[in-house]
Amino acid sequence: MADIRNNFVGIKSPNPFWLASAPPTDKAYNVIRAFQAGWGGVVWKTLGEEGPPVVNVNGPRYGAIWGADRRLLGLNNIELITDRELQTNLREIKQVKQDWPDRAVVVSLMVPCVEESWKAILPVVEETGADGIELNFGCPHGMSERGMGSAVGQVPEYIEMVVRWCKANTRMPVITKLTPNITDIRKPARAAHAGGTDAVSLINTINSITGVDLDSFAPQPTIDGKGSHGGYCGPAVKPIAMNMVAEIARDAETRGLPISGIGGITTWRDAAEFMALGAGNVQVCTAAMTYGFKIVQEMIAGLENWMDEKGHASLADIVGRATPNVTDWQYLNLNYVAKARIDQDACIKCGRCHIACEDTSHQAITNMVNGARHFEVIEAECVGCNLCVNVCPVEGCITMEPLAVGAMDERTGKPVSPIYANWTTHPNNPMAKAAAE
């Protein structure tokens, strides 16, 4: 059977599935139950500095986006960091680590952007025996207004500075959690790397308002007639998170920097995709909140079964395997040609492919042939965009078939070329022409 044991920056766990810093990791009771269910590690909900704890709202904290079947696609939250006493959290962390030595226990931290504040909290966390710390530079609401969270994560110079403080004042591995609320994720990752971080984790939540009550005209969730922006997470953010993970994994300055992938991971397949793009392990939050801690058992079994089926002996066989295949648009092969094919036996004649194609400028799918309802691809018009595949309600009914080298592309009237060519060499590219001259 495949070996899914994980060693992330020296932090060992029996599998790569960690619970992310969030409500499910706010107390020992939850963490113990998570470990009993099979989670390989946790990142304890973010701790603040000594003193009066933060105050959370005493009302609705979540907004949601649902699919047509009421399945939760996105979750917005306005909850802050832990509102429990620092010493209470520290005692529980120490006890949990003693009782579960084979599980990863990482502590998320957020204190003011002052060196003395970090110097004060690092030793007391280290004394618990925790395996590492995660610097919360991502929280987009509540704490950011106080100069913490994403207020730090959006300024690369601050990231590098705080990471250097932490590396100088603790033996524990430092994981820097990045905010997605930024134009170029590579810049904060580079700053964390320059500061000496052992790893980065991403993404934290995305700044959002998920809905407006059209009776009260207040954003949701609503607190006494008012609402606030919050952090968006769940399956809907997965594509954004994977792109950002890949950007860091393939960047020349951060290539090789360990990454803990976060963002909409709900199944073993989601986890495998993150790891294929360069994540060394994954963190989960919304799925555990939605379906309960035991969802990890399906993740573990699914990952092991897939790895066995494909012949992957360990996680090292899959981590980063897809990264070399991520490229910029300008390097895509413009001589590659594919056409849509409709399986007439599987087609239920709903017409969605025709409508999508007809109203998206291509007009490459029939709806009537010889007076009968019939949907077929007109190859002379098909640009191979695959929109029809994505709107078809029957899985596998429409497929994309590459044309063989030398085959005639009826749309262009030219044979498919065996030569790789991209935009940098295309005659329509003015930069290419300038270079040739």
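Every chain is numbered on its own, with residues counted from 1 as its sequence reads. The predicted origin of the model limits local features to residues at a pLDDT of at least 70 and limits the giving and counting of side-chain atom pairs to 80 or more, whereas totals for whole chains, interfaces and linings rest on all residues. Side-chain numbers come from the whole structure's heavy atoms, not from hydrogens or water.

**Remarks on the overall build of the protein chain**
Reasoning step 1: Within the protein chain one finds 13 helices and 22 strands.
Reasoning step 2: Along the first, second and third principal axes, the C-alpha set of the protein chain runs to 80 × 60 × 50 Å.
Reasoning step 3: Across the protein chain, every contact between residues at least 6 apart in sequence was considered, and the portion connecting residues at least 24 apart equals 70%.
Reasoning step 4: When the accessible area of the protein chain is evaluated, it comes to approximately 20,700 Å², of which 52% is carbon and sulfur surface.
Reasoning step 5: The sign given to each residue is positive for Lys and Arg and negative for Asp and Glu; His and the chain ends receive no count. The location of each charge is read from NZ of Lys, CZ of Arg, CG of Asp or CD of Glu. Considering the protein chain, the positive charge centre built from 38 side chains and the negative charge centre built from 48 side chains are found 2 Å apart. Helical segments are the DSSP runs of H or I of at least four residues, strand segments are the runs of E of at least two, and each set is numbered from the N terminus. Contacts: residue pairs with any heavy atoms within 4.5 Å of one another. Per-residue accessibility takes into account occlusion by the displayed protein chains alone, with areas from the Shrake-Rupley method and a 1.4 Å probe.

**Concerning the sheet that holds strand S6 (residues 72-77)**
Reasoning step 1: Strands sit in the order S5-S6-S14-S11 across an open sheet of four strands; the sheet is antiparallel. Looking along the sheet, the strands with just one partner apiece sit at the ends: strand S5 (62-66) and strand S11 (206-208). Looking at each pair of strands side by side, their axes are set apart by 35 degrees on average, direction ignored.
Reasoning step 2: With five bridges joining them, S5 and S6 adopt antiparallel strand pairing. Of the residues in S6, the one forming a bridge with alanine 64 is leucine 75. Should DSSP find at least two bridges between two strands, the strands are taken to pair. To get an axis, a line is fitted to the C-alpha atoms, and for a helix only the part in contact is used. The angle between two axes follows their N-to-C directions and goes from 0 to 180 degrees.

**Here's the deal with the packing of aromatic side chains**
Reasoning step 1: Here the aromatic set is Phe, Tyr and Trp, taking the six-membered ring for Trp, and pairing holds for ring centres within 6.5 Å; pairs whose planes are under 30 degrees apart are stacked, those over 60 apart are edge-to-face, and all others are tilted. Under the defined criterion, the tally for this structure stands at three aromatic pairs.
Reasoning step 2: Measuring from centroid to centroid gives 5.5 Å for phenylalanine 35 and tryptophan 100, while their planes differ by 50 degrees, and the two rings are tilted. Placement of phenylalanine 35 in helix H1 (residues 28-37) and of tryptophan 100 in the loop between helix H2 (86-99) and strand S7 (104-109) is noted, with a sequence separation of 65 residues between them.
Reasoning step 3: By the criterion adopted, a ring carries a charge over it if an Arg CZ or a Lys NZ lies within 6 Å of its centre and within 35 degrees of its normal. Above the ring of tryptophan 66, the side-chain terminus of arginine 70 is found at 3.9 Å from the ring centroid.

**Topic: the pairing of strand S16 (residues 281-284)**
Reasoning step 1: The rule is simple: take the accessible area with a 1.4 Å probe, protein chains only, and divide by the maximum for that residue type; under 20% is buried, over 50% is exposed, in between is partly exposed. What you see with S16 is no split at all: Asn281 and Gln283 on one side and Val282 and Val284 on the other are buried throughout.
Reasoning step 2: Taken together, the three bridges between strand S3 (residues 17-19) and S16 define a ladder with parallel strand orientation. From the neighbouring strand, tryptophan 18 faces S16, where its bridge partner is glutamine 283.
Reasoning step 3: Relative to S16, strand S15 (residues 259-262) runs parallel, the two sharing three bridges. Within the sheet, the bridge partner assigned to glycine 261 lies in S16 and is valine 282.

**What to know about the sheet that holds strand S10 (residues 199-202)**
Sheets are built from strands paired through backbone hydrogen bonds, the pairs being either parallel or antiparallel.
Reasoning step 1: An order of S3-S4-S7-S8-S9-S10-S15-S16 is seen for the eight strands of this closed barrel, with the pairing classed as parallel. Going from strand to strand, the sheet's axes swing by 25 degrees on average, the running direction of each strand aside.
Reasoning step 2: The pairing of strand S9 (residues 174-177) with S10 spans three bridges and is classified as parallel. What sits directly across from threonine 176, in S10, is valine 200.
Reasoning step 3: Contacting S7 and strand S8 (132-136), helix H3 (residues 115-126) runs over the sheet at an angle of about 160 degrees to S7.

**Looking at the nonpolar core**
It is characteristic of soluble globular proteins that their nonpolar side chains tend to be buried jointly.
Reasoning step 1: Membership of the largest hydrophobic core comes to 78 residues, with the highest contact counts inside it found for Trp39, Trp118 and Leu202.
Reasoning step 2: Top contributing element to this core by residue count: helix H7 (residues 238-250), with seven residues.
Reasoning step 3: What tryptophan 39 contacts, discounting residues up to four positions off in sequence, is Asn15, Phe17, Trp18, Leu19, Ala34, Arg103, Val284, Ala288, Phe293, Ile295, Val296 and Met299. To define a nonpolar core, start from buried Ala, Val, Leu, Ile, Met, Phe, Trp, Tyr and Cys residues and group those joined through side-chain atoms within 4.5 Å.

**Observations regarding the side chain of threonine 170**
Reasoning step 1: Locating threonine 170 in the fold gives a position in the loop between helix H5 (156-169) and S9.
Reasoning step 2: Any pair of nitrogen or oxygen atoms within 3.5 Å is treated as a polar contact; in protein, a donor-acceptor pairing is required on top of that, and neighbouring residues in sequence qualify only through side-chain atoms on both sides. Reaching out from threonine 170, the side chain makes a polar contact with the backbone nitrogen of methionine 172 at a distance of 3.1 Å.
Reasoning step 3: Setting aside anything within four residues of it in sequence, one finds threonine 170 in contact with Leu122, Glu126 and Ile133.

**Regarding a nonpolar patch on the surface**
Reasoning step 1: Taken together, the side chains of Ile209, Val212, Leu214 and Phe217 present a nonpolar region at the surface, about 460 Å² in accessible area.
Reasoning step 2: If you trace the backbone, isoleucine 209 turns up in the loop between S11 and strand S12 (211-213). Residues enter patches when their relative accessible area tops 30% and they take part in no salt bridge; the joining distance is 9 Å for like charges and 5 Å for the nonpolar side chains Val, Leu, Ile, Met, Phe, Trp and Tyr. A carboxyl oxygen of Asp or Glu within 4 Å of a side-chain nitrogen of Lys or Arg is what we treat as a salt bridge.

**Describing helix H10 (residues 295-310)**
Reasoning step 1: The terminal C-alpha atoms of H10, which comprises 16 residues, lie 23 Å apart, in line with the 22 Å expected from a rise of 1.5 Å per residue.
Reasoning step 2: Considered for burial, the residues of H10 that qualify are Ile295, Val296, Met299, Ile300, Gly302, Leu303, Glu304 and Met307.
Reasoning step 3: Lining the buried residues of H10 we find S3, H1, helix H8 (268-276), S16 and helix H9 (286-291).
Reasoning step 4: Following H10 by one or two positions, glycine 311 has its phi on the positive side, about 80 degrees. A helix is expected to reach a length of 1.5 Å times the quantity of its residues less one.

**Looking at the packing of H8 against H10**
Reasoning step 1: Two elements in contact, H8 and H10, have axes whose closest approach is 8 Å; the angle formed by their N-to-C orientations is 60 degrees. Considering the angle they form, H8 stands oblique to H10. Listed contacts from H10 to Trp268, Ala272 and Met275 of H8 are Glu298, Met299, Gly302, Leu303 and Trp306.
Reasoning step 2: Under the scheme applied, nonpolar residues are Ala, Val, Leu, Ile, Met, Phe, Trp, Tyr, Cys and Pro; charged residues are Asp, Glu, Lys and Arg; polar residues are all the others, including Gly. Counted by class, the contact of H8 with H10 contains six nonpolar, one polar and one charged residues. Note on angle classes: values under 35 degrees are labelled roughly parallel, values over 145 roughly antiparallel, values of 65 to 115 roughly perpendicular, and the remainder oblique.

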